[in-house]
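Structure at a glance
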Amino acid sequence: MNIARDWKHPEVLSDLADMRQQVPLVHCITNIVVTGFTANVLLALGASPAMIIAEEEAGEFAAMAQALLINVGTLTQEVARAMRSAATSAGKAGKPWVLDPVAVGVLDFRTRFATELLGQHPTIIRGNASEILALSGAAGGGKGVDSTASSNSAIDAAQTLARQTEATVAVSGEIDYITDGQTLIEVAGGDVLMTRVTGTGCSLGATMAAFLGAGIAPLRAATAASAIYARAGEQARAASQGTGSFAVAFLDALTLIGLPR
Amino acid sequence: MNIARDWKHPEVLSDLADMRQQVPLVHCITNIVVTGFTANVLLALGASPAMIIAEEEAGEFAAMAQALLINVGTLTQEVARAMRSAATSAGKAGKPWVLDPVAVGVLDFRTRFATELLGQHPTIIRGNASEILALSGAAGGGKGVDSTASSNSAIDAAQTLARQTEATVAVSGEIDYITDGQTLIEVAGGDVLMTRVTGTGCSLGATMAAFLGAGIAPLRAATAASAIYARAGEQARAASQGTGSFAVAFLDALTLIGLPR
Amino acid sequence: MNIARDWKHPEVLSDLADMRQQVPLVHCITNIVVTGFTANVLLALGASPAMIIAEEEAGEFAAMAQALLINVGTLTQEVARAMRSAATSAGKAGKPWVLDPVAVGVLDFRTRFATELLGQHPTIIRGNASEILALSGAAGGGKGVDSTASSNSAIDAAQTLARQTEATVAVSGEIDYITDGQTLIEVAGGDVLMTRVTGTGCSLGATMAAFLGAGIAPLRAATAASAIYARAGEQARAASQGTGSFAVAFLDALTLIGLPR
């Protein structure tokens with residue numbers, strides 16, 4: 001079953017309103033490049049981010065938070081221990097979590113670690129086409145952190161990965177594809193400048209976690225986040241001259257989207 | 001003795017001019033979410049930030065800098081060693097320092113560490129109400145890094161903590177309260193959007209350190225920083241559409257506040 | 001031989017166009033203060049940044065990328081191991097790399113490490129006057145991360161360092177000086193606000209790496225990057241009210257420089 005969604009769909013707007021009302025506490029263990037931007041994205045949207053990264057604290061905190069994001073963009077041995085602890089704890093506490101397999105398929109260390117984390121049952125897996133292809137065991141591996149494949153080339157891999165892991169899989173790209181292995185949802189829109197501001201992809205994973213943290217089902221959570229991002233990207237493009245003002249306008253758009261004027 | 005202060009008070013303006021003239025070198029060991037924003041706040045105001053975080057260097061550098069900030073937002077064992085070394089060195093060299101106990105009361109590891117650091121005699125302790133309540137030994141513990149208590153509920157705890165530690169204690173919130181255990185200063189103003197940009201609280205602690213580094217007494221240093229922040233928050237709100245443009249306008253306001261037009 | 005260059009010089013514009021067309025993958029191991037800003041600068045200019053910082057991955061990735069940046073601003077033992085591995089791997093694979101010796105001369109640990117890295121033959125060494133003076137063995141050591149010397153006071157040291165190491169040496173300041181030990185190139189322009197936004201210097205080193213990664217010779221790569229920065233700084237000043245809007249306008253200027261309107 002194929003469905004197209006955009007930000008104006010009643011489900012998206014209703015999920016956004018629910019998420020804002022609940023102000024979910026989102027535990028993020030993400031890469032050092034995008035930590036600040038990710039926090040600002042969640043705050044713009046009305047969620048409550050907390051970046052708790054120590055092995056001594058990550059497990060304890062994952063059980064308290066409403067949802068967890070694990071992003072392996074700047075994985076180290078130390079951070080990997082915190083991630084393992086957090087994912088295990090989230091699992092035990094029944095808390096949903098998102099895996100963002102940045103550059104998996106390019107580098108062995110993180111590819112092995114992300115594959116290991118699949119055993120901890122992520123609720124949503126969000127990546128670009130190269131990452132989803134690599135994680136599904138198909139050919140893959142992008143150029144650094146960027147995809148070398150278009151998102152539609154990873155649809156089959158996404159569906160296979162979703163069935164294997166029982167996770168919802170979201171492939172970000174010019175068109176975003178979201179699937180639980182049965183339903184396939186397409187979200188069009190956005191703007192190419194999103195690929196030229198660091199953290200737009202990584203913070204999309206965090207936003208999916210925020211929707212999960214508000215109790216929204218995985219397929220809807222991933223769809224709502226993607227649809228809102230696509231719209232904010234378009235609004236930011238219209239209000240910007242280059243990548244600097246784009247990033248600012250993107251946060252402004254997330255602040256205001258769906259609110260009464 | 002209760003006093004109200006705002007940015008137009010002659011002491012605040014005079015302390016700001018002194019700080020700018022001296023360009024104090026501020027050693028920051030802060031969390032990875034706000035490192036860049038904190039540096040940009042200090043640079044906007046005219047101070048000189050340096051983020052020196054290695055155990056091998058932190059003690060050496062704390063003795064060179066005019067003031068030190070320790071913020072436990074993303075504490076790890078490795079960073080804790082650097083903080084211990086820096087606080088000890090600052091103490092020996094007679095350099096003032098600020099402790100920001102982010103999320104103390106929520107997580108055991110940092111609560112124990114921040115309590116240990118009290119023994120190193122911070123000059124100023126700055127936190128939200130939940131953090132000050134927790135650090136004073138009263139009930140406490142917020143929601144992640146956010147307070148679940150209003151700032152006026154922590155006035156007694158702040159005064160007790162100030163007397164116990166001989167530090168000046170600053171409680172940030174809708175109204176900021178600053179006390180040395182005797183005098184209580186209120187700073188009103190600011191804007192709720194400050195709670196939706198990551199690092200506004202954390203960089204306030206760094207700003208207090210900058211004022212201390214210019215040789216300004218703790219109660220005045222904490223008051224000047226809070227009053228300037230409140231004003232900059234109001235100016236930023238007037239110049240912004242959402243949280244992205246708010247953060248930009250906030251830095252602009254800090255750049256220009258108190259300067260001749 | 002002394003040469004003056006600015007952004008309108010045909011070599012600069014041609015090198016910029018070449019770099020943009022090739023979208024070089026630039027491996028950055030930089031400090032935690034400027035990681036996000038550095039990525040955004042490279043993306044604004046059209047390069048492809050990747051911050052790979054684990055010892056397990058840095059060597060593997062340095063051989064894949066087109067160029068490498070090593071910036072010691074927040075050096076730790078752990079990061080030093082990754083840097084050693086990356087520099088060695090870049091050397092073996094014949095990939096060019098840039099060394100940014102932040103605060104060398106101020107602190108022993110990083111001074112010894114940066115001196116050790118000289119043995120790995122950096123292609124370009126970029127620093128402020130104090131750093132270049134210190135690295136060349138002349139007197140030196142700034143105030144924290146800022147220079148206490150003007151850039152022209154380090155011209156001799158830069159030329160000596162270039163001859164000793166066979167690297168191109170770039171001294172950033174009110175005027176930038178770039179030398180391979182023979183030719184000396186001056187780049188004027190820029191704006192003093194560049195010293196009040198964190199990461200403008202550090203991301204200049206990354207930009208030099210991007211030009212190297214496009215196959216441009218070291219002297220031209222360092223010159224093109226410096227000339228483009230000077231111009232973007234001037235454009236940003238004209239479009240900004242304070243340091244916040246300056247940083248945004250600087251990224252916008254980098255996005256658009258040299259493109260047809």
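As shown above, the structure is provided for reference.
Residues numbered from 1 in each chain as written. Chains lettered and ligands numbered in written order. Predicted model: local features only at pLDDT ≥ 70, side-chain atom pairs only at ≥ 80, totals over all residues. Heavy atoms only, no water.

Bringing the overall build of chain A into the picture now. Within chain A, the regular secondary structure consists of 10 helices and nine strands. Its C-alpha atoms give chain A a radius of gyration of 16 Å, near enough to 18 Å, the size a compact globule of 261 residues would have. With the principal axes as the frame, chain A shows a C-alpha extent of 45 × 35 × 35 Å. Taking all 261 residues of chain A together, 65% fall into the buried category. (Helix = DSSP H or I, 4+ residues; strand = E, 2+ residues; numbered from the N terminus. Rg over C-alpha atoms; globule rule 2.2 N^0.38 Å. Buried < 20%, exposed > 50% of the residue type's maximum accessible area, 1.4 Å probe, protein only.)

Our next topic: the sheet that holds strand S9 (residues 184-187) of chain A. All names here are of chain A. In spatial order, the strands read S1-S9-S8-S7-S6-S5-S4-S2-S3; together these nine strands make up an open sheet with mixed pairing. Unpaired on one side and paired on the other, strand S1 (2-4) and strand S3 (48-50) mark the two borders of the sheet. Between one strand and the next, the sheet's axes are offset by a mean angle of 20°, whatever the strand orientation. In the sheet, strand S2 (residues 25-29) pairs with S3 via three bridges, with the strands oriented parallel. The residue of S3 that forms the bridge with histidine 27 is alanine 50. (Pairing = 2+ DSSP bridges. Axes fitted to C-alpha atoms, helices over the stretch in contact; angles between N-to-C directions.)

The next thing to look at is the nonpolar core. Residues and elements named next belong to chain A. Phe211, Phe250 and Leu254 are the most contacted members of the largest nonpolar core, which has 65 residues in total. Looking at this core, the element that brings in the most residues is helix H9 (residues 218-238), giving 11 residues. In this view, leucine 254 contacts Arg20, Val41, Ala44, Leu45, Ile228, Tyr229 and Ala232; residues no more than four positions away in its chain are not counted. (Core = buried A, V, L, I, M, F, W, Y, C linked by side-chain atoms within 4.5 Å. Contact = heavy atoms within 4.5 Å.)

Turning our attention to the relation of the copies chain A and chain B. Superposing chain A onto chain B requires a rotation of 120° together with a translation of 0.0 Å along the rotation axis, leaving an RMSD of 0.0 Å. Accordingly, the operation relating the two chain copies is best matched by a three-fold axis. Minimal C-alpha distance to the rotation axis in chain A is attained by Ile32(A), lying at 4.0 Å. In this assembly, only 10% of the residues forming the interface of chain A have copies in chain B that are likewise at the interface, indicating a heterologous arrangement. (Least-squares fit on C-alpha atoms with pLDDT ≥ 70 in both.)

Paired through their backbone hydrogen bonds, the strands of a sheet run either parallel or antiparallel. Residues and elements named next belong to chain B. The sheet built from nine strands is open, its strands ordered S1-S9-S8-S7-S6-S5-S4-S2-S3 with mixed pairing. Looking at which strands have only one partner, the edges of the open sheet turn out to be strand S1 (2-5) and strand S3 (48-50). Taking the axes of each pair of neighbouring strands and ignoring which way they run, one obtains an average angle of 20° across the sheet. Relative to strand S7 (residues 168-172), strand S6 (residues 124-128) runs parallel, the two sharing five bridges. Across the sheet, residue glycine 127 finds its bridge partner in S7, namely valine 171.

The next thing to look at is empty space enclosed by the protein. For the coordinates displayed, the defined rule picks out three cavities of 30 Å³ or more. Put simply, the largest cavity is a space of about 880 Å³. Considering the residues around the largest cavity, the lining is formed by 43 residues, among which Asn40(A), Phe37(B), Asn40(B), Phe37(C) and Asn40(C) are closest to the centre. Where the lining of the largest cavity is concerned, the elements lending two or more residues are helix H2 (35-45) and helix H10 (243-256) of chain A, helix H2 (35-45) and helix H10 (243-256) of chain B together with helix H2 (35-45) and helix H10 (243-256) of chain C. For the lining of the largest cavity, the class distribution of residues is 23 nonpolar, 18 polar and two charged. Space inside the second largest cavity adds up to approximately 610 Å³. As for the second largest cavity, its lining consists of 33 residues, and the residues nearest its centre are Ile32(A), Ile32(B), Glu78(B), Ile32(C) and Glu78(C). (1 Å grid on protein atoms, 1.4 Å probe; cavity = no way out; pocket = protein on both sides within 12 Å on 5 of 7 lines; lining within 4 Å. Points joined across faces, edges and corners; volume = space filled by probe spheres on them. Nonpolar A, V, L, I, M, F, W, Y, C, P; charged D, E, K, R; others polar.)

Residues and elements named next belong to chain C. The end-to-end C-alpha separation of helix H1 (residues 10-22) is 18 Å, in line with the 18 Å expected for 13 residues at 1.5 Å each. Among all positions in H1, only Val12, Asp15, Leu16, Met19 and Arg20 are buried. End-on, the buried residues of H1 take up no more than an arc of 135°, which puts them together on one face. Residues of H1 that are exposed and angled more than 90 degrees away from the buried face: Pro10 and Gln21. In this fold, the buried residues of H1 make contact with strand S1 (2-5), H2, helix H8 (200-213), helix H9 (218-238) and H10. Positioned one or two residues after H1, valine 23 has a phi angle of 45°, which is positive. (Expected span 1.5 Å × (residues − 1). Arc of directions from axis to C-beta.)

Before going further, it helps to spend a moment on the side chain of Asp100(A). Residue and element names in this part refer to chain A. Mapping aspartate 100 onto the fold places it in strand S5 (residues 97-100). A residue is classified by how much of its surface remains accessible, and aspartate 100, at 0% relative accessible area, is buried. Apart from the residues within four sequence positions on either side, aspartate 100 is in contact with Leu69, Ile70, Asn71, Val72, Arg126, Glu131, Gly201 and Cys202.

On to the packing of helix H9 (residues 218-238) of chain B against H10(B), then. Residue and element names in this part refer to chain B. Across the interface, H9 lies against H10 with an axial gap of 8 Å and an inter-helix angle of 130°. Judged by the angle between their axes, H9 and H10 are oblique. Taken as a pair, H9 and H10 cross one another with a handedness that is right-handed. Mapping the contact onto sequence places Ile228, Tyr229, Ala232, Gly233, Gln235, Ala236 and Arg237 in H9 and Phe246, Ala249, Phe250, Ala253 and Leu254 in H10. (Parallel < 35°, antiparallel > 145°, perpendicular 65-115°, else oblique. Left-handed = near helix turned anticlockwise from the far one by under 90°.)

For the coordinates displayed, the defined rule picks out 24 salt bridges over all chains. Notably, a salt bridge pairs Glu55(B) with Arg81(B), separated by 3.2 Å at the nearest N-O pair. In this pair, Glu55(B) sits in helix H3 (residues 55-64) while Arg81(B) sits in helix H4 (residues 77-93), placing the two residues 26 residues apart along the sequence. With relative accessibility at 37%, the residue Arg81(B) sits in the partly exposed group. In this structure, Arg220(C) and Asp15(C) form a salt bridge, with 2.9 Å as the shortest nitrogen-oxygen distance. Within this pair, whereas Arg220(C) is found in helix H9, its partner Asp15(C) is found in helix H1, the two being separated by 205 residues in sequence. For Arg220(C), a relative accessible area of 32% puts it in the partly exposed group. Each of Arg5(A), Glu11(A), Asp15(A) and Arg220(A) takes part in one network of salt bridges that share partners. (Salt bridge = Lys/Arg side-chain N within 4 Å of Asp/Glu carboxyl O.)

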